[in-house]
Amino acid sequence: MTQYYDVQAVRKLFPAVEKMTYLDSGFQTPMSKPVKDALETFISEGYETAGPKSVWIDRIEQTRAKVAGLFGAVVEEIAFTKNTSEAMNIAANALPLKAGDNVLMIHGDHPNNAYAFLNLKKKGVEIRFIPMPEVVNADSFRPYIDANTKAISMSQVTFHAGHRFDIFGVGRLCKEKNLYYVLDIMQAVGVVPIDAKKVGATFIGCGTHKGLLVPQGLGLLYWDRTRTELEPAYLAAISLANPPADFIARPDDMAPAPTAGRFELGNFNLPAIQALGAALDLIGELGIEKIQAHCFDLGDRLIAGLDVLGVNLVGPRDRLNRAPHIYVAALPAEEWIDYFASKDVRVSPERDGVRISLGMFNTEADIDRFLAVVKERGTSTGRSSRAA
Ligand SMILES: Cc1ncc(COP(=O)(O)O)c(C=O)c1O
C-alpha cells in the first residue's frame, strides 16, 4: 500500500513486472490484465460470432468519451490515429502554412514530431529549432518569433532526459502572438494530467503504448474544434460532414465533418480501441494525479539513491521541471545496458545515459533493486558515473 493506492494490487494486474525489474515504461508498458481481457473479448467475439461490428462501433464511441475526459475536451474534439507520428503529420498538414512562414521547434525533441514539420520544407516553410536548455518556457521561444512565425510544436515531456516543459506558459505565448500550438504528449500521457483547454493547444497528439497501456498501433489526436479552418490533408467517406449513404462519392459535397472525425480515415483499430477503454478505466480508478504523485515519490527515492552512489542525473531534478516518471542516470549506455539486461533489469539506452522510466505498478523495491545493481558493479569494477 502506498499513500496513494494499493500498488501491490496493481502489480497483480501486470504479471510481467513480477518476473523482472521493469523500469522501461517510457519504451512501452507491459500488458495488463484488463487490456488482455479486452483484447480477448474482441478475439472471441470475432472468432465465435463474427462481430457484430455495431457493438464494436459503440465501444469506439465509449472509448472516445473516456479519452475526451482524460484530455479535458469534448468527444467532438478527439480522433483516433495510428500513432503519434500520424497525429503530428495530420496536424502539420492541416495548418494553413505557406512558403516563407516559419514554425518553431526544440532542437533534440522527438524526431517523430520534428519530421512531420520538416517535411513542410517542400512547401517552403522554414523550421526553426531553438536550443534545449534544462527549462523551456515562453521566454525560450520569444526571441525566435517574427512576423512570419505561425506555429510552435513541442513535446510536453522529453523521452531522452525527462524534461517537463512549461506547456502552459508557451500556450499563453501562442495566444498572445496568435500562433498555432501543437503538442506531442506521448511521454506524458497517462501519468501527467493534461487539460487541452487550459493549455490552449490547437492539436495534441500521442500514441497509446506507454502510459495508456495499449500495445503499439493506436494513437490519439485532440483538435480544438473552434479552429474550423484546419482541414484534413487526406479524405475518406468517414471524414465528411455528409458521407454518402449509398456509397457513391459526391464531388459537390465534400465538406469535412464538424468534428475531429474529419481527420479520421476508414476503419479503426477496433481491438486496440477497446483495450484503450479498459486501460482508461484502470487509470481512472486509480486517478491520474495519484499515479503522478506515486511516480514523483519513487523518483525522489531514485535521485537520492543516485546521489549516494555519486551517479549524476541527466535532466532536471526539481519537481517543477522534471517529469514524474522519466529519469536518466549518467551511466554510459554502451557500458551498462548489457549488464542491466543480465540482471533482469529492463531500462533503455539514451543519448546521455540509461533511462529509468516508471509506471503505476513500480515500487520502492524496484528502485532499490536498480540502485543495488548499480552499486554492485560500481563497487566491484570501480565504474562510476560519467563526469557532470
Ligand atoms: C515524445 C515522443 N513522441 C513520439 C514517440 C513515438 O512516436 P510513434 O507513436 O509515432 O511511434 C515517442 C516514443 O516512442 C516519444 O517519446
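Keep in mind it's a predicted model, so treat the numbers as computed, not measured.

Quick look at the site of the ligand
Piece 1. Around the ligand, the neighbouring residues are Asn83, Thr84, Ser85, His110, Asn112, Ser155, Phe159, Asp184, Met186, Gln187 and Lys210.
Piece 2. At 2.6 Å, a side-chain N or O of threonine 84 approaches an oxygen atom of the ligand.
Piece 3. Here an oxygen atom of the ligand and a side-chain polar atom of lysine 210 are 2.8 Å apart.
Piece 4. Burial of the ligand by the protein amounts to 87% of the accessible area it has alone, namely 400 Å².
Piece 5. Here the shell around the ligand is composed, by residue class, of 2 nonpolar, 7 polar and 2 charged.

Things to note about the domain arrangement of the chain
Piece 1. You can read the domains of the chain as domain 1 (7-30 + 287-381) and domain 2 (35-284).
Piece 2. A separation of 28 Å is found between the C-alpha centroids of domain 1 and domain 2.
Piece 3. Roughly 2,400 Å² of surface becomes buried between domain 1 and domain 2 when both sides are summed, with 55% attributable to carbon and sulfur atoms.
Piece 4. Of all residues in domain 1, Ile288, Asn321 and Arg351 bury the most surface against domain 2, accounting for 23% of the area lost on that side.
Piece 5. Taken together, domain 1 and domain 2 are joined by 0 salt bridges.
Piece 6. Of all the elements in the fold, those that place two or more residues in the side of domain 1 that touches domain 2 are α10 (288-309) and β10 (326-329).
Piece 7. Looking at the side of domain 1 that touches domain 2 element by element, the count peaks at 6 residues for α10.

The rules behind the values
- Residues numbered from 1 in each chain as written.
- Predicted model: local features only at pLDDT ≥ 70, side-chain atom pairs only at ≥ 80, totals over all residues.
- Heavy atoms only, no water.
- Near = heavy atom within 4 Å.
- Polar contact = N/O pair within 3.5 Å; in protein donor to acceptor, adjacent residues only side chain to side chain.
- Areas by Shrake-Rupley, 256 points an atom, 1.4 Å probe, with all protein chains shown as cover.
- Nonpolar A, V, L, I, M, F, W, Y, C, P; charged D, E, K, R; others polar.
- Domains from an automatic or database assignment.
- Buried area = accessible area lost by both parts, 1.4 Å probe.
- Salt bridge = Lys/Arg side-chain N within 4 Å of Asp/Glu carboxyl O.
- Helix = DSSP H or I, 4+ residues; strand = E, 2+ residues; numbered from the N terminus.

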